[in-house]
Amino acid sequence: MLESLQSLDQTIFLALNALHTPYLDSFMYIFTGKLVWIPLYASILFVLWRNFNPRMAIFTAVIFGLLIVIADQTCSSILRPIFERPRPSRNPEIADIVHLVNDRRGGKFGFPSCHAANTFALACFMMLLFKNRAVTTFFMLWAIVTCYTRIYVGVHYPGDLLFGTVVGFAAGFATYGIYRLCLRVNGIASALDYRKDRALVKRPLGIKYTSVIIYTGVLTIACFAVYCIWWKAY
């Protein structure tokens, strides 16, 4: 059973990884990196600053940091040493036919995917915190595209990403639970109330400027897409 699933995972990976063009090589290589996240993180901090008082904004930002640490370290420091599943780029059976972008192979093990865990953890937390359908949809799509880039550049099987997604959602719900618990136990909800809304612990209503996050993300993608026209592949 396990061998059949691994074989299917490998077959799907090779089929998707084979779909590449010089332009997409450039775009996917940038999108799967860390630079693309900087404007998005900045926009999230802006929305927190505009909606929460300073102490509450800092507290929420710290929770965001905790969220990423939990998701990332669960995959990289706990689960990968247990499963020790090589990345497709490190698998001697298929390494020679895997399409790699700029010959980046990643580390030795890739199950589960930290990228999938981190992006879906953030998407889950944003969904629970903002309760905004447009923001939730945007972050879910962003996470899905990020996962696809990992297959495209040849460093993760679909199974790595699927399990990483599960870890991400678990981290998102767990961290949001910690967030709510901290607010209740320490009385932060009343002392650091969310602008004119004192029902923060129950539901943070009326968060404004969330569209800034979406516009920033779309503009970032558009800028990188245009930049790739002048990338070395062209």
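For the structure itself, look to the data block above.
The text that follows walks through the structure, step by step, so that each part is easy to find. (Residues numbered from 1 in each chain as written. Predicted model: local features only at pLDDT ≥ 70, side-chain atom pairs only at ≥ 80, totals over all residues. Heavy atoms only, no water.)

1. Focus on the environment of L129
Here L129 is to be found in helix α5 (residues 114–130). Sequence-wise, L129 and Y176 are 47 residues apart; in three dimensions their C-alpha atoms are separated by 7.8 Å. (Helix = DSSP H or I, 4+ residues; strand = E, 2+ residues; numbered from the N terminus.)

2. Quick word on unusual backbone geometry
It is generally the case that most residues other than glycine have a negative phi and that most peptide bonds are trans. Of note, the amide linkage connecting F111 to P112 takes the cis form, showing an omega dihedral of -5°. Of note, P112 is situated in the loop between α4 (54–83) and α5. The phi angle at D103 is positive, at roughly 55°, despite the residue not being glycine. Note that D103 resides in the loop between α4 and α5. Residue class for D103 comes out exposed when judged on its relative accessible area of 54%. Although it is not a glycine, K131 sits at a positive phi angle of roughly 50°. Position of K131 among the secondary structure elements: in the loop between α5 and α6 (133–152). Residue class for K131 comes out partly exposed when judged on its relative accessible area of 33%. (Buried < 20%, exposed > 50% of the residue type's maximum accessible area, 1.4 Å probe, protein only.)

3. Details of the packing of aromatic side chains
Tallied over the entire structure, the rule returns 19 aromatic pairs. A centroid spacing of 5.6 Å and a plane angle of 15° characterise the contact between F59 and Y179, whose relative ring orientation is stacked. Of this pair, F59 sits in helix α4 while Y179 is found in helix α7 (residues 158–185), placing the two residues 120 residues apart along the sequence. We note that F59, like Y179, is buried. Their ring planes at 35° and their centres at 5.0 Å tell us that F111 and F163 sit as a pair that is tilted. Of this pair, F111 sits in the loop between α4 and α5 while F163 sits in helix α7, and the two are 52 residues apart along the sequence. The exposure class assigned to F163 is partly exposed, which follows from its relative accessible area of 32%. Joined through ring pairs, the aromatic side chains of F27, F31, W37, Y41, F138, F139 and W142 make up one cluster. (Phe/Tyr/Trp six-rings, centres within 6.5 Å; stacked < 30°, edge-to-face > 60°.)

4. Side note on the layout of surface pockets
Considering only enclosed or pocket space, the largest pocket measures out at about 720 Å³ in volume. Lining the largest pocket are 27 residues, with T32, G33, K34, H115 and R150 positioned closest to its centre. Within the residue set of the lining of the largest pocket, elements represented by two or more residues are α2 (22–31), α3 (37–51), α4 and α5. When residues of the lining of the largest pocket are assigned to their parent elements, the largest contribution, 5 residues, is made by α5. Here the lining of the largest pocket is built from residues that sort into 12 nonpolar, 8 polar and 7 charged. Counted as a void, the second largest pocket has a volume near 340 Å³. For the second largest pocket, the lining is made up of 13 residues, of which L5, D9, R85, F111 and G159 are closest to its centre. The set of elements that each furnish at least two residues to the lining of the second largest pocket consists of α1 (2–17) and α7. (1 Å grid on protein atoms, 1.4 Å probe; cavity = no way out; pocket = protein on both sides within 12 Å on 5 of 7 lines; lining within 4 Å. Points joined across faces, edges and corners; volume = space filled by probe spheres on them. Nonpolar A, V, L, I, M, F, W, Y, C, P; charged D, E, K, R; others polar.)

Honestly, it's all geometry; don't read function into it.
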